[in-house]
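Geometric and topological summary
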Amino acid sequence: MTIPLTLSVLRYARRTGTLLWNNLVATLALSSRLIGLRALETVGFRTPRITFEKPEFEYVAKPCYIWHGDPELNGEGEFYQERIHTEPIDYKYYAINDGTRVQTAAKRVTSKLHGPKRFLNQIRPRPTLTRRLRRLVTRLNLRGVGIDLVKDDEDRFWAVDVNLAAGYRDSGLEPALYKSIRECLPDR
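It should be emphasised that the depicted structure is a prediction, and the values quoted were computed from it without experimental measurement.

Two side chains carrying opposite charge are able to pair once their charged atoms lie near each other. Counted according to the given criterion, the structure contains twelve salt bridges. For K92, the salt bridge goes to D148, with nearest N and O atoms at 3.0 Å. Here K92, found in strand 5 (residues 89-97), pairs with D148, found in strand 8 (residues 144-151); they are 56 residues apart in sequence, far enough to count as distant. By relative accessible area, which is 8% here, K92 ends up buried. Where E154 meets R156, a salt bridge forms, and the shortest distance between an N and an O atom there is 3.9 Å.

Let's shift gears to the side chain of K107. Within the secondary structure, K107 sits in strand 6 (residues 102-110). There is no salt bridge for the buried K107, and the closest opposite charge comes from D170, which lies 4.9 Å off by N-O distance. With near-sequence residues (within four places) excluded, K107 lies in contact with D90, Y91, K92, Y94, F119, N121, Q122, I123, G167, R169 and D170.

So, about the nonpolar core. L40, F45, Y93, L136, V145, I147 and L149 are the most contacted members of the largest nonpolar core, which has 27 residues in total. Those elements that place two or more of their residues in this core are helix 2 (24-30), helix 3 (33-42), strand 5, strand 6, helix 4 (127-140), strand 8 and strand 9 (157-163). If we ignore the near neighbours within four places in the chain, the residues touching Y93 are A105, A106, R124, P125, R126, L129, T130, L133, V145, G146, I147 and L149. Formed by eight residues, the second largest nonpolar core is a distinct cluster that contains Y94, L173, A176 and L177.

Basis of the calculations
Residues numbered from 1 in each chain as written. Predicted model: local features only at pLDDT ≥ 70, side-chain atom pairs only at ≥ 80, totals over all residues. Heavy atoms only, no water. Salt bridge = Lys/Arg side-chain N within 4 Å of Asp/Glu carboxyl O. Helix = DSSP H or I, 4+ residues; strand = E, 2+ residues; numbered from the N terminus. Buried < 20%, exposed > 50% of the residue type's maximum accessible area, 1.4 Å probe, protein only. Lys, Arg positive; Asp, Glu negative; His and termini not counted. Contact = heavy atoms within 4.5 Å. Core = buried A, V, L, I, M, F, W, Y, C linked by side-chain atoms within 4.5 Å.

Listed below in structure tokens is the structure:
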């Protein structure tokens, strides 16, 4: 995860021409959950409504920055995102730019809003969602990103979070991740 302590190191790397896996501007911007949600909307993802006052409807309380903690169901937060009624399952979509193409994968996990996150299974990514994910990678010049989605009772997907420090375990993209990182390293 990106934390404030690493930001000065990332700025130094940019200043000295040291290659970064994900670029500094995207890393800084997407550290804000609100900017991340707006970026997801811009590339075509449906996102739940948000408020800055506790709403009357069920919600997920979130801190504004990813390093200030995890979302909490009906808790205290800096903003409140409408809770999409669904089974307690998250759909994790991943994209890796390996230097040649953008590869995608998806998996289902239990929602950490309802206890510890557990891997359930890999799934076939939906073409519409992967197109939007690729659009995000291209627009922000990313090497890798993860998106958290939930599916409502009408089979519609809602993007609820974006993560530049995604955990790619059980995604099937581990070889692409290796290739992508290797592409960023200077020749020996």
